[in-house]
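Structure at a glance
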Amino acid sequence: MSSRAAYAAAADELASRVLRALRGAGGVALVAPHLDSSSPDALAALAAVRVIGADTFTPHVLTGAPFHAADAAAVARSFETFPVPGSGPSARPDERTAAWRDWATAQLLARTRGYAGNPVATVPPEAGEDLTDTADWQRWSVRMAQLAPLATPCLDGPVRDAARGAALPLSRGLTRSVLRRDFPTAVRLLRWLALLRHDGIALPVEPGPVLDHVRLLGGASPRTALDLAVAAHLLGDGTHSGSRSGSGTAPQPPTEAPA
């Protein structure tokens, strides 16, 4: 198996673990067992933690499931293994995207009570026109799809602010992606629209039918299934994200890390 294939397989495996926890099959450590079971592909497993990033915390943020101290240490270890990309004005767009995703992961890790490790030093990119200029909505919506892990209720900041003021470009991007049968991109944009609906913002499209459509036609991969489950939870649709979604549990920031 090539390195790229190994990294993709490890990311899918971790996404499956997160999805099972989001659906209620939790109660045990999540990330640490992923690393422990990956030998000899430990590097791929650590890379997967960075790829899934802030979504690793979604079972806790959305349902209140415990986020264990061993999981927090595993997330921190992924930052020790792979350097944080540049985020300055000269950084490439893909580096700035990665920097925003790393910032989100570090923010949630820092809020996890009981994590005794060193803080992860991440510097978010300056909020520039790449976030606020929606004139080229096709390109902008692809960028926002790449930033879908930031579509989490407890993560405020420039990316979420940009989304709040861009319901129409997000809806256009979602519609275009569905018509092109680019379902991974469609689901990631649906997460942003679900978050806007969660925040009480009026939308030009109804996200529920789109959720059903994409679930039937394009939700097979673990990472897409995880995005679907997060969107469903934000929309209050318990048929997609597991029994906890309909329980009325409000999204919570990470607050605990049991041993």
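Each chain carries its own residue numbering, running from 1 in the direction its sequence is written. Only residues with pLDDT of at least 70 get local features here, since the model is predicted, and only at 80 or more are side-chain atom pairs given and counted; chain-wide, interface and lining totals rely on the full set of residues. Calculated side-chain values reflect all of the structure's heavy atoms, with hydrogen atoms and water omitted.

**Quick notes on the overall build of the protein**
Helices and strands together make up the secondary structure of the protein, namely 14 helices and 0 strands. Reading the protein from its N end, one meets helices and strands in the order α-α-α-α-α-α-α-α-α-α-α-α-α-α. For the protein, the proportion of contacts with a sequence separation of at least 24, taken over those separated by at least 6, is 74%. Comment: elements are numbered from the N terminus, with helices defined as DSSP H or I runs of at least four residues and strands as E runs of at least two. Whether two residues are in contact is decided by their heavy atoms, any of which lying within 4.5 Å being enough.

**So, helix α1 (residues 3-22)**
A helix's residues, less one, multiplied by 1.5 Å, set its expected span. Taking 1.5 Å of rise per residue, 20 residues should cover 28 Å, and α1 covers 28 Å from first to last C-alpha, within 8% of that figure. Residues A6, A10, A11, L14, A15, R17, V18, L19, A21 and L22 constitute the buried set of α1. Backbone geometry just after α1 places G24 at a positive phi near 110 degrees. Only protein chains enter the area calculation, which uses a 1.4 Å probe; residues under 20% of their type maximum are buried, those over 50% are exposed, and those in between are partly exposed.

**A few points about the nonpolar core**
Among buried residues, those of type Ala, Val, Leu, Ile, Met, Phe, Trp, Tyr and Cys that are joined through side-chain atoms within 4.5 Å constitute a nonpolar core. Among the nonpolar cores identified, the biggest contains 73 residues, and M144, L170 and W192 are the most heavily contacted of them. For this core, the element with the highest residue contribution is helix α11 (residues 183-198), accounting for 10 residues. When sequence neighbours within four positions are dropped, the list of residues in contact with M144 reads V159, A163, L170, L189 and W192.

**Considering the packing of aromatic side chains**
Centres within 6.5 Å make a pair out of two Phe, Tyr or Trp rings, where for Trp the six-membered ring is used; the pair is then stacked when the planes are under 30 degrees apart, edge-to-face when over 60, and tilted otherwise. For the coordinates displayed, the defined rule picks out 2 aromatic pairs. Charge-over-ring contacts are defined here by two conditions on Lys NZ or Arg CZ: a distance within 6 Å of the ring centre and an angle within 35 degrees of the ring normal. Sitting over the face of the ring of F79, R50 holds its NZ or CZ atom 4.4 Å from the ring centroid.

**What about unusual backbone geometry?**
Its identity as a non-glycine residue notwithstanding, R181 has a phi of 60 degrees, on the positive side. Residue placement: R181 occurs in the loop between α10 (167-179) and α11.

**Looking at the packing of helix α5 (residues 69-81) against helix α6 (residues 93-110)**
Each axis is a line fitted through C-alpha atoms, taken for helices only over the stretch in contact, and angles between the N-to-C directions span 0 to 180 degrees. Viewed as axis vectors pointing N to C, α5 and α6 meet at an angle of 145 degrees, and their least axial separation amounts to 11 Å. α6 is crossed by α5, and the crossing has left-handed handedness. Side by side, α5 and α6 meet where A72, V75, A76 and F79 of the first sit next to D102, T105, A106 and L109 of the second. Left-handed describes a crossing in which the near helix is turned anticlockwise from the far one by less than a right angle; the clockwise case is right-handed.

**Looking at the pattern of salt bridges**
Put simply, a salt bridge is a Lys or Arg side-chain nitrogen that is within 4 Å of an Asp or Glu carboxyl oxygen. Tallied over the full model, the rule gives 16 salt bridges. Notably, a salt bridge pairs R143 with D130, separated by 2.8 Å at the nearest N-O pair. Remark: D130 occurs in helix α7 (residues 129-132) and R143 occurs in helix α8 (residues 137-146); sequence separation between them is 13 residues. Assessed through its relative accessible area of 10%, R143 is described here as buried. By relative accessible area, D130 is classed as partly exposed at 27%. Ionic pairing is found between D199 and R160, a salt bridge with its closest N-O pair at 2.9 Å. Here D199 is found in the loop between α11 and α12 (207-218), whereas its partner R160 is found in helix α9 (residues 158-164), with 39 residues between them in sequence. Using a relative accessible area of 29% as the deciding quantity, one classes D199 as partly exposed.

**Section: α5**
In a regular helix each residue adds 1.5 Å, so 13 residues correspond to 18 Å; α5 covers 19 Å between its end C-alpha atoms and thus fits that length. Contacts from the buried residues of α5 go to α2 (31-36), α3 (42-52) and α6.

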